[in-house]
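Overview (structure and organization)
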Number of protein chains: 2
Amino acid sequence: MTERAFHLLLDTVERLLRRQASSHLVKVLKKTHPADLARLIQQLPESHAYTVFNLLPDVETAAGVLSEMEPVFRKEFLQNVTLERLVEILSAMPDDNRAELLGDMPEEFRQNILNLMPEEDKEEVNELLQYAEDTAGRIMTGEFVALPESMTARKAIQEVRQASAHEMVFYLYVTDEKGRLSGVLSLRQLVTAADETPLSEIMIRDVVKVHVADDQEEVARIVSRYNLLAVPVVDEEEILVGIVTVDDVVDVLREEATEDILKMAGVPGEDTGTFSLLRSVKTRLPWLFATWIGGVINVQLIGGFERFFREKLLVFAAMAAFIPIILGMGGNVGTQSLSLKVRGLATGHLDPKSLWKEMFREIQVGFILGITYGILLGIVGLFMTNSAIIGLIVGIAISANMTLAALVGTFLPLMAARFRIDPAVASGPFVATSMDILGLTIYFATASFFIFRYAN
Amino acid sequence: MTERAFHLLLDTVERLLRRQASSHLVKVLKKTHPADLARLIQQLPESHAYTVFNLLPDVETAAGVLSEMEPVFRKEFLQNVTLERLVEILSAMPDDNRAELLGDMPEEFRQNILNLMPEEDKEEVNELLQYAEDTAGRIMTGEFVALPESMTARKAIQEVRQASAHEMVFYLYVTDEKGRLSGVLSLRQLVTAADETPLSEIMIRDVVKVHVADDQEEVARIVSRYNLLAVPVVDEEEILVGIVTVDDVVDVLREEATEDILKMAGVPGEDTGTFSLLRSVKTRLPWLFATWIGGVINVQLIGGFERFFREKLLVFAAMAAFIPIILGMGGNVGTQSLSLKVRGLATGHLDPKSLWKEMFREIQVGFILGITYGILLGIVGLFMTNSAIIGLIVGIAISANMTLAALVGTFLPLMAARFRIDPAVASGPFVATSMDILGLTIYFATASFFIFRYAN
């Protein structure tokens, strides 16, 4: 559905809702894809959203809609759906989506639902929920086709025909007598093989796989690197327990990209787009505190230097005018380095082990950038203040600050990655603020040094 | 291959290269996946990289390796591969990868290669290259299975068996007598259908599709929204001309996320990780210029106010100490808003049409955040300077600046999206700098107003 078609749908649904034309509305909803219905519900005012949700043609559609909703929105939305209806919908959902949905809910809410669910579904959910959040075990599905090594190609094709209840049969996994993953073959390889060939002869033995405890980012990296449609998940004993499909990987990639960008800007991982006003404020307020604390330290710093320069207040005042440009340029170079490294690490292009090599490289880049803008600012400073000494000070300070910023912007994310901390966290307001404090210190240290020599 | 296994491989290959143990090396390379080989080559020193590349077991592997290389690295790497070898490798590559590789190369280089290629391949490449960069037409492949509506399920299965040369047969597209896309079915639906059913009876008629000129981001959004493995591409006459597969979409998603993060930091879209030192400098230098120009304007601004306050130089000096915190907090809130909106737009969660609604919301968030930190800073200012008037000024200035920054951070990306400009572009150094200038103006305007009243 194109953007235009979606807006047309939104307009139509809003009109039908106003006219309370339910039977008409049901017809429209029936023809719409669950993904579009989810988007529609998210954009409608609350009461209308529930009306539409209750008019969905069947539980399968409702299950699809819930699976496609933004998790943050869904969490709030489910508060007003009756438990009975929810249990019914959950039973029509693939196991991985069901576990994801329940994993997001508060503990108590989840228990209430689990208690109402059939024993079998309950076990399935608990099996997936035993794995930590954001791991392969948590996002995998137990719905896959695994066949014994000795089966023939013809028999296998029959099995696949019968396995139509399973979601997306694209690779067929082959297991040994203990259930351990021993090979893989694609449906294409199977349909093109001679009828009586045993699977062990046509399967590929070198299977790319992940372990239940692997991080979902690692899973995404592997699926993307090897261009897979699904990757098998094994437990500690190499027993095949599930698969992660590429559609989940696409979701992980989207999610991680959003997370990284928001983390770097100092907003916690979740999308606040649908939050209430106060909740938005509460989410963003604490992240500003790092900047605030740093800013207060800077007020103190500048105040201290002002007292130090009390005899030369005009010099101090002239120098104060250069504070924003020196901090701004340092911040900017630092953010450039930071972003390059964070993305390099995220795409696997950069190796945390190359810390020293990268730092050596960045110090050169930072130095050349710094010298360039240092000379420029020195000249501008000279002409603006008519003082060679101030020109010299600001030129040196901006060069030193830009070089150091490039270094800090490289060091922090790579160091974080080495200690297995998400490098994007390093890049929030905390770093910007530290660089400000550093920049001011460099600036005034340079100034004290030269003005002291000059005064003598 | 795990990270540890990869490092082991890297160590082994380096050791074998030093010992010039070619036959041993060839054995190791033979067992390694092309994606890992590509990564290996990228991490080796230049001369070793070519040695490994020349020892690859066959052209198919070499084709896989080139397809998996980072485009920026590949462009440089290919300069030193002979045209004859390259043509041979290209003939073993799927058409979409071939077009992507050639599309990246300089015009002259591409023409030289095309002239050496067999007529058929040449036509295929030119067909894909006629579409603009980053469109569906450019990333699609012409290798897909399309069957006529009247064919039976059994016949179709035979066709698929024979079509094993095609890459990834997961959906079967059904076309009418004019070649127009009329339906789709999955291989699973086909193998589970009764033998004599005509395809027109089992196919799904409501096909999700894209047009050749659609942006690749739009293609990625559709594949991700509808959880597809491939999406058909049609031309203006609705004739099926290609498909975009999910592995390409995964690449697009990775690419776009990197681009957005780098754009927001003021680095052009390409990953400079493999650039030479001077090239890195040349890439980053101009993006710092916006900050520099803005910074010089700020120097002028502050200088102007210094002259204005010449009679009250001590007041000016005290006020100067608060410049970094006021600009820093504004910059931070602005970046938060900006990032939230940029990602909201990228994920399709936010609609550019809701500009006014979003601005109304952000002005409230910004105001509450501003007031909170304004009161805090007012108190700090009062105690630090022992001046109620300075406390008042800094408190009001920071509140006003934070509110305005939230507004600017919302307005720019949404406005950009309305004019179909990439919103991430709006978020670079240019915006940070504009917000600095705005913040200073607000600060000194507030100060002039109060000090003027206070003086009288």
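First things first, this report covers the structure right here in the doc. Quick caveat, the model's predicted, so the values are computed rather than measured.

Brief notes about the overall build of chain A
Each helix and strand in chain A was counted, giving 22 helices and 6 strands. In terms of overall dimensions, chain A has a C-alpha envelope of 95 × 65 × 40 Å along the principal axes. Burial statistics for chain A: of 456 residues in total, 57% are counted as buried. Looking at chain A alone, contacts between residues at least 24 apart form 68% of all its contacts between residues at least 6 apart. Per element, the accessible surface of chain A, about 19400 Å² overall, is 57% carbon and sulfur.

Topic: the packing of aromatic side chains
Describing an aromatic ring pair means giving the distance of the ring centres and the angle of the ring planes. All names here are of chain A. Applying the stated criterion to the full structure yields 22 aromatic pairs over all chains. Ring centres 5.7 Å apart and planes at 20° place the aromatic pair Phe73 and Phe77 in the stacked group. Remark: Phe77 and Phe73 occur in helix α6 (residues 71-77); sequence separation between them is 4 residues, near one turn of the helix. Seen from their ring centres, Phe305 and Phe308 are 6.3 Å apart, and the 75° between their planes marks the pair as edge-to-face. Here the residue Phe305 and the residue Phe308 both occupy positions in helix α17 (residues 277-308), the gap between them amounting to 3 residues, near one helical turn. For Phe308, a relative accessible area of 57% corresponds to the exposed category.

Side note on helix α4 (residues 46-54) of chain A
Residues and elements named next belong to chain A. Where α4 is concerned, the buried positions are Ala49, Tyr50, Val52 and Phe53. The buried side chains of α4 occupy one side of the element, clustering within an arc of 160° when seen end-on. With respect to the buried face of α4, the exposed residues turned more than 90 degrees away are Ser47 and Asn54. Buried residues belonging to α4 abut α1 (3-18), α2 (22-30), α3 (34-43), α5 (59-68), α6 and α7 (83-90).

Some words on the nonpolar core
The biggest cluster of nonpolar side chains holds 83 residues, and the ones touching the most others in it are Phe322(A) and Phe322(B). Ignoring any residue separated from it by four or fewer positions in sequence, one finds Phe322(A) in contact with Leu377(A), Gly381(A), Thr385(A), Ile390(A), Val394(A), Tyr443(A) and Val299(B). Of all hydrophobic cores here, the second largest spans 70 residues; its members include Val219(A), Tyr171(B), Val212(B) and Val249(B).

Side note on the relation of the copies chain B and chain A
Placing chain B over chain A gives an RMSD of 0.1 Å and needs a rotation angle of 180°, together with 0.0 Å of translation along the axis. Each copy turns onto its partner about a two-fold axis. A shared binding surface is used by both copies, with 100% of the interface residues of chain B retained as interface residues in chain A.

Here's the deal with the pairing of strand β3 (residues 181-186) of chain A
It is a general feature of regular strands that their side chains alternate between the two faces of the sheet. Residue and element names in this part refer to chain A. Counting buried positions along β3 gives 6 out of 6 residues, so the element sits mostly inside the fold. Across 5 bridges, strand β2 (residues 171-175) lies against β3 in antiparallel orientation. Its bridge partner being in β3, Thr175 is matched across the sheet by Leu181. Here β2 folds back onto β3 in antiparallel fashion, the turn holding 5 residues, of which Gly179 has a positive phi close to 85°.

Observations regarding the environment of Glu149(B)
Residues and elements named next belong to chain B. Within the fold, Glu149 resides in the loop between β1 (146-148) and α12 (153-162). When the C-alpha atoms of Glu149 and Val184 are compared, they prove to be 10.0 Å apart, with 35 residues separating the residues in sequence. Once residues within four sequence positions are removed from consideration, Glu149 is found in contact with Val174, Thr175, Asp176, Ser182, Pro198, Leu199, Ser200 and Met203.

So, helix α19 (residues 323-346) of chain A
A rise of 1.5 Å per residue sets the reference length of α19(A), with its 24 residues, at 34 Å; its end C-alpha atoms lie 34 Å apart and thus fit the reference within 8%. The buried count for α19(A) comes to 22 of 24 residues, which makes it a mostly enclosed element.

Points about the interface of chain B and chain A
Taken together, the contact between chain B and chain A spans 116 residues of the former and 116 residues of the latter. Together chain B and chain A conceal approximately 10800 Å² of surface at their shared face, both sides included; 64% is due to carbon and sulfur atoms. Between chain B and chain A we count 8 residue pairs in polar contact (both at pLDDT 80 or more) in total. Element by element, the count of residues in the side of chain B that touches chain A is highest for helix α20 (residues 323-346) of chain B, at 15 residues. When the residues that make up the side of chain B that touches chain A are grouped by side-chain class, the tally is 60 nonpolar, 31 polar and 25 charged.

Details of the sheet that holds strand β3 (residues 181-186) of chain B
Residue and element names in this part refer to chain B. The 3 strands are arranged β1-β2-β3 in an open sheet whose pairing can be described as mixed. With partners counted over all chains shown, the strands left at the sheet margins are β1 and β3, one partner each. Neighbour-to-neighbour, the strand axes of the sheet open up by a mean angle of 35°, direction not taken into account. Sheet topology places β1 next to strand β2 (residues 171-175); 3 bridges connect them, and they run parallel. Pairing of Leu147 across the sheet is with Val174, part of β2.

Some thoughts on the pattern of salt bridges
All names here are of chain B. By the definition in use, this model includes 24 salt bridges over all chains. Its salt-bridge partner being Glu196, residue Arg154 comes within 2.8 Å of it at the nearest N-O pair. Residue Arg154 is found in helix α12, and its partner Glu196 is found in the loop between α13 (187-191) and α14 (199-202); the two are separated by 42 residues along the sequence. Here Glu159 makes a salt bridge to Lys155, at a shortest N to O gap of 3.1 Å. With Glu159 and Lys155 both in helix α12 and 4 residues apart, this pair spans about one turn of that helix. Given the relative accessible area of 27%, Glu159 is considered partly exposed.

A few points about unusual backbone geometry
Residue and element names in this part refer to chain B. Although it is not a glycine, Asn227 sits at a positive phi angle of roughly 50°. Secondary-structure assignment places Asn227 in the loop between α15 (216-225) and β5 (230-234). Residue Asn227 is classed as partly exposed on the basis of its relative accessible area, which comes to 24%. A positive phi angle, close to 55°, is found at Asn386, a residue other than glycine. Topologically, Asn386 is positioned in the loop between α21 (355-385) and α22 (388-418).

Overview of a nonpolar patch on the surface
Side chains of Phe367(A), Ile371(A), Ile375(A), Ile379(A), Leu382(A) and Phe383(A) sit close together on the surface and give an oily, nonpolar patch of about 590 Å² of accessible area. Relative to the elements of secondary structure, Ile379(A) occurs in helix α20 (residues 355-385).

Looking at a negative patch on the surface
Residue and element names in this part refer to chain A. Side chains of Glu133, Asp134, Asp215, Asp251 and Glu255 sit close together on the surface and give a patch of like negative charge. With respect to the helices and strands, the residue Glu255 is situated in helix α16 (residues 246-264). Judged by relative accessible area, Glu255 falls into the partly exposed class, the value being 37%.

Considering the side chain of Thr32(B)
Residue and element names in this part refer to chain B. Along the chain, the position of Thr32 falls in the loop between α2 (22-30) and α3 (34-43). Among the residues examined, Thr32 registers a relative accessible area of 9% and is labelled buried. Within the local environment of Thr32, its side chain forms a polar contact with the backbone oxygen of Val28, the two atoms lying 2.9 Å apart. Setting aside anything within four residues of it in sequence, one finds Thr32 in contact with Leu9 and Leu37.

Observations regarding the sheet that holds strand β6 (residues 240-245) of chain B
Residues and elements named next belong to chain B. Taken together, the 3 strands give an open sheet; going across it, the order is β4-β5-β6, and neighbouring strands pair in mixed fashion. The outermost strands of the open sheet, each flanked by one partner alone, are β4 (210-211) and β6. Sheet topology places β5 next to β6; 5 bridges connect them, and they run antiparallel. Bridging from a neighbouring strand, Val231 pairs with Val244 of β6. Strands in contact with α15 are β4, β5 and β6; relative to β5, the strand with the most contacts, it is inclined by about 135°.

Rules of the game
- Residues numbered from 1 in each chain as written.
- Chains lettered and ligands numbered in written order.
- Predicted model: local features only at pLDDT ≥ 70, side-chain atom pairs only at ≥ 80, totals over all residues.
- Heavy atoms only, no water.
- Helix = DSSP H or I, 4+ residues; strand = E, 2+ residues; numbered from the N terminus.
- Buried < 20%, exposed > 50% of the residue type's maximum accessible area, 1.4 Å probe, protein only.
- Contact = heavy atoms within 4.5 Å.
- Areas by Shrake-Rupley, 256 points an atom, 1.4 Å probe, with all protein chains shown as cover.
- Phe/Tyr/Trp six-rings, centres within 6.5 Å; stacked < 30°, edge-to-face > 60°.
- Arc of directions from axis to C-beta.
- Core = buried A, V, L, I, M, F, W, Y, C linked by side-chain atoms within 4.5 Å.
- Least-squares fit on C-alpha atoms with pLDDT ≥ 70 in both.
- Pairing = 2+ DSSP bridges.
- Expected span 1.5 Å × (residues − 1).
- Buried area = accessible area lost by both parts, 1.4 Å probe.
- Polar contact = N/O pair within 3.5 Å; in protein donor to acceptor, adjacent residues only side chain to side chain.
- Nonpolar A, V, L, I, M, F, W, Y, C, P; charged D, E, K, R; others polar.
- Axes fitted to C-alpha atoms, helices over the stretch in contact; angles between N-to-C directions.
- Salt bridge = Lys/Arg side-chain N within 4 Å of Asp/Glu carboxyl O.
- Patch = residues over 30% accessible without salt bridge, like charges linked within 9 Å, V, L, I, M, F, W, Y side chains within 5 Å.
- Lys, Arg positive; Asp, Glu negative; His and termini not counted.
- Charge placed at Lys NZ, Arg CZ, Asp CG, Glu CD.

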